[in-house]
Amino acid sequence: MREVDLAVLGAGPAGMRAALTAANSGAKVVLLDEQQVAGGQIYREVNRQGVGRGALLGRDYTHGLTWVKEVAASNVEHLAEATGWQIENSGEITFSRGGQAQQIAAKRIVLATGALERAFPFPGWTMPGVISAGAAQILLKGSGIVPQKAVLVGSGPLLYLIAVQLLAAGSPPLAILETQSFESYLRSARLFPAALKGWRYFVKGTQMLLNLKRAGVTRYTGVSEIAAVGEKYVEGIRFQFRGQKKQLACGLILGHQGVVPNVQFSRALGLEHGWNDLQRSFTPRTDHWGRSSEERVFIAGDGAGIVGARASALQGEICALQVLHDLSFINTAQRDNTAESRRKELAVELAPRALLDALYRPPDWAVVPVCDDTIICRCERVKTGDLRNLAAGACVGPNQAKALSRAGMGSCQGRYCGLSVSELFSKTNGRSLAEVGYYRLRSPVKGITLGELASLAVGEALE
Amino acid sequence: MKNALHFKRLSSDDPCLQITWNGKPLDAVAGETVAACLLANSVLAFQGEDLSDPPRGPFCMMGACYTCRVLVNGVEQQACMVEVKQDMHVSCVDPEKEILHAGS
Ligand SMILES: Cc1cc2nc3c(=O)[nH]c(=O)nc-3n(C[C@H](O)[C@H](O)[C@H](O)COP(=O)(O)OP(=O)(O)OC[C@H]3O[C@@H](n4cnc5c(N)ncnc54)[C@H](O)[C@@H]3O)c2cc1C
Ligand code: FES
């Protein structure tokens, strides 16, 4: 099996910076990502855009081009279209590339697999025509197609960013339905002073809202009781606004309730996690170098807790410094000198986070649907009511519910129902989320074919 | 709203590739994913449209939700993770014969 000093999984800002930092100090580094090009979510396909698309997506997007080029010019071995599906605590990574499974042994691993959009279950959300807002952005960045007359619904900074990007692409959303309420503003007001260090983000936010206003995009703030209307396909959206029922006709609904750490690998590895109430999600435990509960495994970027792109990049560098130190490429003074300046920058980037988390905290009904008929588990079509009944009975938690109801058993492995199911249990039987816990996950964390598994066996036999 | 235009291609250049969807020809543009190509052709349900099951469409576009699975030249793949190629044959997966395995 091939051996390297460091394997980085995920070529977003965190993974690119971790790989570059380690390789620039002489470590042998592989950087794996299932996408065709480096960039991660924020800088998706940034090096393949013509000038046109980059301009409409904004400067924060084109910023990523520098790092993507740096990776290409460096000693980092970037394996594109490599989907990781198993990692062992001993440092072995198994991944598929072009239908073949391969393995690499690494002395250290940095998990930089980023975030997923939080599931936002409401009546009708499994109908074709309801997609996540991030999905619409991916279609724009990666494939150059834009949704027509879509309704954006949910909350969070990304919701506005995507609205502005659609506007710039000449297809403004029909309306934005915002689920944060007056209480959300009250709750977050006290966090404002501490957040001012990150003022750049507020300038950008204000600018975005002004652009939307100028373009005449209607915003409904404080909406609730969202439901997609339609028989088999979306024909409209129903909601409650200022005490009144409203309905808009539309063929596409783009839902979004912020992003949460992608914990597939950290869970499958059995790493320690804790409940982060501010971000309403589980996060893997890491020390201030990003080291997890397993000595060889580090976690950087949104996968360790949502921090945003720039902070993810800084965390990637900080992880890499400790990796270099572990493997004796640099001494303690060298590590600490660089780390200190990175930590200062990180503090500035993280300043507005608590405010954003509080302001755009998803409302309870957006996490656990009120209506018993609403599907929670998309893959197996398990309804909220069935899970509530289980939780009210003798079923102790998500793992037993999985066996009894099949929720979380489908091919997405609980990515889009896990947090809702854990919260449903906590709410119904009054136990803390730390006690309720999350699905136990097993490898492979990505769907693979038997052919890929077989190719591994053949490879081993040849060695 | 089944027949309304749901997605528009940004570039005004003419579509330059051809693929098939369940045997019918579709226009495609180099660089777009199979999922994007289907959506741009107003195919929102990738599965279940003719079956008794409720139709199922793509959701995340980032390889996480698995509701975009289709057969690409006979091999089951995530439509959002594969780029179109000239003469690609794309079709619905038979739900009884799904072959992608994940741990559970
Ligand atoms: C859909 C979506 C869109 C977003 N858009 C923006 C935006 O426009 N602006 C913004 O500021 N923030 C955006 N974010 C937030 C984003 O999470 C952060 O800003 C930033 O991208 C986080 O960086 P990261 O390096 O931690 O992870 P990411 O940038 O998410 O990178 C993770 C990488 O890991 C790869 N990966 C994951 N699992 C595997 C696997 N099993 N095998 C191989 N590779 C794998 C992914 O392909 C991805 O490239 C978005 C988030 C999501 C989910
Ligand atoms: S749309 Fe979710 S995996 Fe393709």
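So, here is what we can say about the structure in this document. (Residues numbered from 1 in each chain as written. Chains lettered and ligands numbered in written order. Predicted model: local features only at pLDDT ≥ 70, side-chain atom pairs only at ≥ 80, totals over all residues. Heavy atoms only, no water.)

Within chain A one finds 19 helices and 22 strands. Whereas a compact globule of 463 residues would reach a radius of gyration of roughly 23 Å, chain A reaches 22 Å, a difference of no more than 12%. With respect to the principal axes defined by its C-alpha atoms, chain A has extents near 65 × 50 × 40 Å. The contacts in chain A between residues at least 6 apart in sequence include a share of 67% that link residues at least 24 apart. Total accessible area on chain A is roughly 18400 Å²; 51% of this is exposed by carbon and sulfur atoms. (Helix = DSSP H or I, 4+ residues; strand = E, 2+ residues; numbered from the N terminus. Rg over C-alpha atoms; globule rule 2.2 N^0.38 Å. Contact = heavy atoms within 4.5 Å. Areas by Shrake-Rupley, 256 points an atom, 1.4 Å probe, with all protein chains shown as cover.)

The subject of this paragraph is the site of ligand 1. In the vicinity of ligand 1 there are 33 residues, among which Ala14, Asp33, Gly84, Gln137 and Asp302 of chain A approach most closely. What surrounds ligand 1 is not a single chain but chains A and B. At a separation of 3.2 Å, a nitrogen atom of ligand 1 approaches a polar backbone atom of Glu34 of chain A. Here an oxygen atom of ligand 1 and a backbone polar atom of Gln41 of chain A are 2.9 Å apart. (Near = heavy atom within 4 Å. Polar contact = N/O pair within 3.5 Å; in protein donor to acceptor, adjacent residues only side chain to side chain.)

Before going further, it helps to spend a moment on the interface of chain B and chain A. Taken together, the contacts link 41 residues of chain B with 55 residues of chain A. Approximately 4100 Å² of surface area, both sides summed, lies buried where chain B meets chain A, with 62% of it carried by carbon and sulfur atoms. For the interface between chain B and chain A, the tally reads 1 salt bridge. One salt bridge in this structure joins Glu83 of chain B and Arg48 of chain A, with 2.5 Å as the shortest N-O distance. Connecting chain B to chain A are 9 residue pairs in polar contact (both at pLDDT 80 or more). Elements supplying a minimum of two residues to the side of chain B that touches chain A: β1 (7–9) and α1 (34–40) of chain B. Grouping the amino acids of the side of chain B that touches chain A by side-chain chemistry returns 24 nonpolar, 9 polar and 8 charged. Judged from the 3 bridges that link them, strand β9 (residues 145–147) of chain A and β1 of chain B form a sheet pairing that is antiparallel. Paired with Val146 of chain A across the two strands is Lys8 of chain B, which belongs to β1 of chain B. (Buried area = accessible area lost by both parts, 1.4 Å probe. Salt bridge = Lys/Arg side-chain N within 4 Å of Asp/Glu carboxyl O. Nonpolar A, V, L, I, M, F, W, Y, C, P; charged D, E, K, R; others polar. Pairing = 2+ DSSP bridges.)

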